[in-house]
Amino acid sequence: MASLRPSRAYLAVPAHRSRLVAKAAASSADAVFMDLEDAVPPSEKGVALEEAVRALSSLDWGNKRVAVRLNAVDSPFIAEEIRALAALPRLDAAIVPKAERPSDITAIAEQLRAAAPDRAAPVALELLIETALGLVNVDTLAATHDSVAALHLGVGDFAASLGARTSDIGISPDGYRHVGSAQSGYASAPLDLFAYPMMRLLVAARAFGLRAIDGPCGAFRDARLTEASAQKAAAMGFDGKQVIHPDQIEPTLRAFTPSAEELAQARRVVEAMEQAEAQGQGAVTLDGKMIDYANVRMARRIIELGS
């Protein structure tokens, strides 16, 4: 089922660049979305939609989750996009950019279903939260419609929405990254512009049973920064992260895949608790630490991610 396909590395590709789309389909990314919005100039919107339809109808996508990012809800393009895409069986999801108002999400969901009433499974909606208003409304957006399946954080537009003084995608501004200095007598403390919106989105996703996808790291040539950014999202509990270049796929997959050491430790926690249960206990000490059923739930999540 499409809903069970992983989305650890979610590759973005401009829909009008057919050569890049074909490479994306053959890549090792878990998921791909063809972009009809920001990556496509206005003069190429029609071509992009035609290429997306062709790609969904003819390319071998393997077991990937395949989505298309629509244009904005108030754009002159979205109605035709819905009509052209809704009935294509290989389309798993439509990504809605700048999701802000529940009424817009309901309208898009209903339009997709009306355009393909005989479709076996409705097209899922994945909401891109990339403005201050979208984040304020994220709980309501997450619960808006039964076709909503995921929340994505749009880090670039979100920073712009806040007025942050940066032009780097997914990276905190220099002036915000560290506060204090040796000269001032205050310790230097690392800060992250995206820590709050990431956690806010993650909580909303988990509360309503949705996937949580972090936004991309714009420094796609920097493998270390790419992997560190993905490790942060993975450690928080995100299901995956957008990537904007094939070079980012493998570092991102590594970050979202538990290591052999993590899996071994998680299994030790489960086994220790099973032994405690057999002795009528609800907690046990392992490696000098007390563990109980909360630890087991966390450990089983790690084991699930590694399977």
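See the structure above.
Note that the structure is predicted; figures quoted are calculated from it, not measured.

1. Quick notes on the overall build of the protein chain
Scanning the protein chain from N- to C-terminus turns up 13 helices and 12 strands. Split into buried and exposed, the 307 residues of the protein chain put 46% on the buried side. Partitioning the intrachain contacts of the protein chain with sequence separation of at least 6 by distance along the chain shows that 69% fall at a separation of at least 24. Accessible area for the protein chain stands at about 15000 Å²; split by element, carbon and sulfur atoms hold 55% of it.

2. A closer look at the pattern of salt bridges
A complete count under the given rule lists 19 salt bridges for this structure. Measuring nitrogen to oxygen at the nearest pair gives 3.4 Å for the salt bridge that ties Lys98 to Asp157. Placement of the pair is Lys98 in the loop between strand E4 (93-96) and helix H4 (102-115) and Asp157 in helix H7 (residues 155-162), with a sequence separation of 59 residues. With a shortest N-O distance of 2.9 Å, Arg113 and Asp146 are connected by a salt bridge. Taken together, the positions of Arg113 in helix H4 and Asp146 in the loop between helix H6 (138-142) and strand E6 (148-153) put the pair 33 residues apart, joining distant regions of the chain. For Arg113, a relative accessible area of 33% puts it in the partly exposed group. On the basis of relative accessibility, which here comes to 63%, the residue Asp146 falls in the exposed class.

3. Considerations on the side chain of Glu227
Structurally, Glu227 can be placed in helix H10 (residues 223-236). Given the relative accessible area of 18%, Glu227 is considered buried. Filtering out sequence-adjacent residues up to four positions away, Glu227 remains in contact with Pro251, Arg254 and Ala255.

4. Section: the pairing of strand E1 (residues 9-14)
Buried residues dominate E1, accounting for six of its six residues. Side chains Ala9, Leu11 and Val13 project from E1 onto one buried face, and the interleaved Tyr10, Ala12 and Pro14 project onto a second face that is buried too. Pairing between E1 and strand E10 (residues 240-243): three bridges, direction parallel. What sits directly across from Leu11, in E10, is Val243. In this structure, E1 lies alongside strand E2 (residues 31-35), joined through five bridges in parallel fashion.

5. Things to note about the sheet that holds strand E3 (residues 65-69)
Spatial strand order, E1-E2-E3-E4-E5-E6-E9-E10: eight strands in a closed barrel with parallel pairing. The mean inter-strand angle of the sheet, taken between neighbouring strand axes irrespective of direction, is 25°. Helix-sheet contacts for helix H1 (residues 18-26) involve E1 and E2, and the interaxial angle to E1 is about 165°.

6. Brief notes about the packing of aromatic side chains
Evaluation of the coordinates by the stated rule reveals one aromatic pair. Between Tyr10 and Phe33 the ring centres are 5.8 Å apart and the planes differ by 65°, which places this aromatic pair in the edge-to-face class. Taken together, the positions of Tyr10 in strand E1 and Phe33 in strand E2 put the pair 23 residues apart, joining distant regions of the chain. Given a relative accessible area of 1%, Tyr10 falls into the buried group. For the cation-ring pair, Lys45 lies above Phe77, with the distance from its terminal atom to the ring centre recorded as 5.8 Å.

7. Focus on H4
Each α-helix winds once per 3.6 residues, and so residues spaced three or four apart point in a common direction. Compared with the 20 Å implied by 1.5 Å per residue over 14 residues, the 20 Å span of H4 between its first and last C-alpha is a close match. Where H4 is buried, its residues meet helix H3 (78-85), E4, strand E5 (124-129), H6 and E6.

Scoring rules and cut-offs
Residues numbered from 1 in each chain as written. Predicted model: local features only at pLDDT ≥ 70, side-chain atom pairs only at ≥ 80, totals over all residues. Heavy atoms only, no water. Helix = DSSP H or I, 4+ residues; strand = E, 2+ residues; numbered from the N terminus. Buried < 20%, exposed > 50% of the residue type's maximum accessible area, 1.4 Å probe, protein only. Contact = heavy atoms within 4.5 Å. Areas by Shrake-Rupley, 256 points an atom, 1.4 Å probe, with all protein chains shown as cover. Salt bridge = Lys/Arg side-chain N within 4 Å of Asp/Glu carboxyl O. Pairing = 2+ DSSP bridges. Axes fitted to C-alpha atoms, helices over the stretch in contact; angles between N-to-C directions. Phe/Tyr/Trp six-rings, centres within 6.5 Å; stacked < 30°, edge-to-face > 60°. Lys NZ or Arg CZ within 6 Å of the ring centre and 35° of its normal. Expected span 1.5 Å × (residues − 1).

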